[in-house]
Amino acid sequence: MPTIYEKRTYSVTVGQMAEVIRLYSTEGWPALQKGGFGDKLIGYFVSDTGELHQLIHLWRFDSDDDRRAFWKRLFANDEFMAFAKQLRPLVKRQENQLMLAAPWGPHP
C-alpha cells in the first residue's frame, strides 16, 4: 500500500481565526507534541488566497490502518480533546481528503 496523505481543511467562522491560532499555539500543538502525535504531521497552513478563513493541515501515514490507529489514539488523548472542545465552536465546516502520491516527482 502506498503512503497516504490526509488533508484536513477547517473553515473557520469569520473573525475567529486569531482565536483559532491562539488555541492551536497554546494548547493544540503542545498537546500534539507532548503526546508524540506530531511525527506524522507535514504541516499546518492558513489560506491566504481563494477561500479565506481556512486552517489546513497535511498528514502522512504509512497505510490506512496506520491512519485509523493514529486518529483513534489522538481522539483518546484527554489533553488534545480538551483543546478540541474549545476549537469546535469556532469551526463552521471540516473537509477531509485522502490522497495518494503520483508515481512521479518529489513527495514530502
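Because the structure is a prediction, the values reported are computed rather than measured.

(A) A look at the packing of aromatic side chains. Throughout the structure, instances matching the rule amount to eleven aromatic pairs. Aromatic pair F61 and F70: ring centres 5.3 Å apart, planes at 55 degrees, arrangement tilted. One exposure class covers both F61 and F70, and it is buried. Just above the ring of W71 sits the side chain of R8; from NZ or CZ to the centre is 3.7 Å.

(B) Representation of the pattern of salt bridges. By the definition in use, this model includes eight salt bridges. When the shortest N-O distance is used, the salt bridge between K34 and E79 registers 3.2 Å. Here E79 lies in helix α3 (residues 78–87) and K34 lies in helix α1 (residues 17–34), a separation of 45 residues in the sequence. A residue is classified by how much of its surface remains accessible, and K34, at 65% relative accessible area, is exposed. Connected through salt bridges with shared partners, the residues E6, R8, D64, R67 and R68 form a single ionic network.

Cut-off values and rules
- Residues numbered from 1 in each chain as written.
- Predicted model: local features only at pLDDT ≥ 70, side-chain atom pairs only at ≥ 80, totals over all residues.
- Heavy atoms only, no water.
- Phe/Tyr/Trp six-rings, centres within 6.5 Å; stacked < 30°, edge-to-face > 60°.
- Buried < 20%, exposed > 50% of the residue type's maximum accessible area, 1.4 Å probe, protein only.
- Lys NZ or Arg CZ within 6 Å of the ring centre and 35° of its normal.
- Salt bridge = Lys/Arg side-chain N within 4 Å of Asp/Glu carboxyl O.
- Helix = DSSP H or I, 4+ residues; strand = E, 2+ residues; numbered from the N terminus.

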